[in-house]
There are 2 protein chains.
Amino acid sequence: MSAPFAQRLSDAVAGRRSQVVLGLDPDPAQLWPAAAAAAAGPGSPAQRAARAVVEHCRLLIEAAGPACVAVKPQLACFERLGAPGWAALAEVIGLAHSGGLLVIADAKRGDFPPTAAAYAQALAGTTPTLAGEVPGLGADAFTANPLLGADALAPFVASGAGLFVLVRTSNPGAADVQDLELAGGERVWERLARLVHELGEVRPCGLSDIGAVMGATSPQHLPRARELMPHAIFLLPGVGAQGGRVEDLAPAFAPGRAGGLVTASRSIAAAHESSGGDPGEAAHAEAQRLREIAWTLAG
Amino acid sequence: MSAPFAQRLSDAVAGRRSQVVLGLDPDPAQLWPAAAAAAAGPGSPAQRAARAVVEHCRLLIEAAGPACVAVKPQLACFERLGAPGWAALAEVIGLAHSGGLLVIADAKRGDFPPTAAAYAQALAGTTPTLAGEVPGLGADAFTANPLLGADALAPFVASGAGLFVLVRTSNPGAADVQDLELAGGERVWERLARLVHELGEVRPCGLSDIGAVMGATSPQHLPRARELMPHAIFLLPGVGAQGGRVEDLAPAFAPGRAGGLVTASRSIAAAHESSGGDPGEAAHAEAQRLREIAWTLAG
């Protein structure tokens, strides 16, 4: 029985001196040149592209991983390569774990309770079958959508994995539903925040296994979000390519350094496009830059 | 270029004289006895279980499919078998298409716009890669979660696939978020319904490609939902095992027979557990029973 997610994350943040999460959103048409060669050889287009995707992620993890505490593979980017893509995802998760990184599966799943249980098996559990137990992806945590309510989140919580529930996302359309004003004066996202707060058990590190996705593009929400969810770990996407700035995220770190995870994908993987030079060196430099800003902010 | 989804569905409902959608939620520990033999032979537990899942779905589609207009595979149930599960899903979709059935991928995806585009590629499109174009699952339609707002749904709409957006789901926890009262007096789900109505283009058959998931367990919402979404196709889960009754669904059919799709999974696949007899015969009888009630209601 491994320690609770919040505790493992807290230890990893301290041990690796990083709160940076490396987003893995591989575009199989635009991989690093050094990875493209892996697409040569036999196989269907999906198999060949999946090999190159694994190689791209391997190089990215090797280069930027040492400056990070976790990776966040975006499931859509693997699923679009079919079964070979799902196998690639499993392989990439193994590579990240071998590098000492935690894995947050960016799945944004949400479904009615029996189906939610099946997703939990797929992402972070095992599945009993007539041919024996089948292991899932082995993610340490995953992202979840709360629109279906508390009973639909319960199987995710019961899985023992860490959870990052969508509360206020980083896209402009987030306002359409999440910012609607409720009869009592609160916004929908504030109610989602209350739901997150009620789901989580606080661990000795002061944090809960049930965290929240809070887009870094609207940092004005962070003080209120922290008030409503004093123990939640905030997963903060939108830094870099989407316009969010690490400097604006200070309230996330109120409960300690592991209280805020700065996630960046394109700004790390495509750093060489603006800085020039080797993709791996540029990726490492950008991850290192984010790491230092966040560490100072949260100190 | 195939016809718009609403038109194809409308034609299929008329041609097959059915509004029943066969849910495919295979539990790899509880498959039909006739399918279990497929798990023998070589391979990992996941590969063996996936073979048996395909066989189970093949038998179910052969037995109940002729009484139905579409199948609705539940992605979680396949994903939990990893890459072999994803391959099984692709195979099952092929079997359904061969049987003349439309395919609604029950994915409940929702993500920020670039990621939503990747999900659309995975489910109903193709993906350009450095090794050539990779086909997706080829679903005719899929389910989607609207919590991230209109910009996150736009890539789904642009994919040309049919869409069923969660509006009011069939689980008890649906009330936690979807039934919250907004400042103007409406419920959150009513706002989601307006969003659905604005997204869809009405086809000559009188229906829109953008439909709504409306749980059959709370039929009291259907008249209002129909008012807000006069042209949306309602996907109505929750009949049977979850307690919904076809007899209560009449308002769904106001715009025509294809305006409401009665989806049933366990009540068809496990019909033999209550009725006794051969699983295939019991499944066919239950699908046929639902078909006749819905057809009469909608006439």
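Owing to the predicted nature of the structure, the values given are computational and were not obtained by experimental measurement.

(A) Looking closely at the relation of the copies chain B and chain A. Superposing chain B onto chain A takes a rotation of 180° combined with a translation of 0.0 Å along the rotation axis, leaving an RMSD of 0.0 Å. Considering both components of the superposition, the chain copies are consistent with a two-fold axis. A symmetric contact is evident, with 100% of the interface residues of chain B recurring at the interface of chain A.

(B) Structural detail: the interface of chain B and chain A. On the chain A side, the residues contacting the 66 residues of chain B number 66 residues. Breaking the side of chain B that touches chain A down by element, the ones donating at least two residues are helix H3 (45-64), helix H4 (75-79), helix H5 (82-98), helix H6 (113-124), helix H7 (150-158), helix H8 (174-178) and helix H9 (188-199) of chain B. Of the residues belonging to the side of chain B that touches chain A, the class tally is 40 nonpolar, 16 polar and 10 charged.

(C) Geometry of the packing of H3 of chain B against H5 of chain B. Residues and elements named next belong to chain B. Viewed as axis vectors pointing N to C, H3 and H5 meet at an angle of 20°, and their least axial separation amounts to 9 Å. Considering the angle they form, H3 stands roughly parallel to H5. The element H3 and its partner H5 pack so that their crossing is right-handed. Across the interface between the two elements, Ala46, Gln47, Ala50, Val53, Val54, Cys57, Arg58 and Ile61 of H3 pack against Gly82, Pro84, Gly85, Ala87, Ala88, Glu91, Val92, Leu95 and Ala96 of H5. When grouped by side-chain class, the residues that make up the contact of H3 with H5 number 12 nonpolar, three polar and two charged.

(D) Local environment of the pairing of strand E8 (residues 210-214) of chain A. All names here are of chain A. With five of five residues buried, E8 lies mostly within the body of the structure. Bridge count for strand E7 (residues 162-168) against E8 is five bridges, and the pairing is parallel. Counterpart to Leu163 in the pairing with E8 is Ile210. Examined bridge by bridge, E8 and strand E9 (residues 234-236) share two bridges and lie parallel to one another. Counted as the bridge partner of Val213 is Leu235 from E9.

(E) Broad picture of the pairing of strand E2 (residues 70-73) of chain A. Residues and elements named next belong to chain A. Alternating residues of E2 divide into Ala70 and Lys72 and Val71 and Pro73, and every residue in both groups is buried. Pairing between strand E1 (residues 20-24) and E2: four bridges, direction parallel. When the bridges of E2 are listed, Val21 appears paired with Ala70. In this sheet, strand E3 (residues 102-109) lies alongside E2 in parallel orientation, the contact comprising two bridges. Counted as the bridge partner of Ala70 is Leu102 from E3.

(F) Quick look at the packing of H3 of chain B against helix H13 (residues 279-297) of chain B. All names here are of chain B. Orientation of H3 relative to H13, taken along the N-to-C sense of each, is 50°, at an axis distance of 8 Å. Classed by the angle they form, the pair H3 and H13 counts as oblique. The crossing of H3 and H13 is right-handed. Across from Leu59, Leu60, Ala63 and Ala64 in H3, the residues of H13 making contact are Gly280, Ala283, His284 and Ala287. Residues of the contact of H3 with H13, tallied by class, amount to six nonpolar, two polar and no charged.

(G) Looking closely at the sheet that holds strand E10 (residues 260-264) of chain A. All names here are of chain A. Read around the barrel, eight strands follow the order E1-E2-E3-E6-E7-E8-E9-E10 and close on themselves; strand pairing throughout is parallel. The sheet shows a mean angle of 30° between the axes of neighbouring strands, taken without regard to direction. Bridging between E3 and strand E6 (residues 141-144) involves three bridges; their strand directions are parallel. Bridging across to E6, Ile104 finds its partner in Ala141. Along the sheet, helix H5 (residues 82-98) makes contact with E1, E2 and E3, crossing E2 at roughly 170°. Against the sheet, helix H9 (residues 188-199) contacts E7 and E8, and its axis sits at roughly 160° relative to E7.

Rules and cut-offs
- Residues numbered from 1 in each chain as written.
- Chains lettered and ligands numbered in written order.
- Predicted model: local features only at pLDDT ≥ 70, side-chain atom pairs only at ≥ 80, totals over all residues.
- Least-squares fit on C-alpha atoms with pLDDT ≥ 70 in both.
- Contact = placed C-beta atoms within 7 Å.
- Helix = DSSP H or I, 4+ residues; strand = E, 2+ residues; numbered from the N terminus.
- Nonpolar A, V, L, I, M, F, W, Y, C, P; charged D, E, K, R; others polar.
- Axes fitted to C-alpha atoms, helices over the stretch in contact; angles between N-to-C directions.
- Parallel < 35°, antiparallel > 145°, perpendicular 65-115°, else oblique.
- Left-handed = near helix turned anticlockwise from the far one by under 90°.
- Buried ≥ 20, exposed ≤ 12 C-beta atoms within 10 Å, placed from the backbone.
- Pairing = 2+ DSSP bridges.

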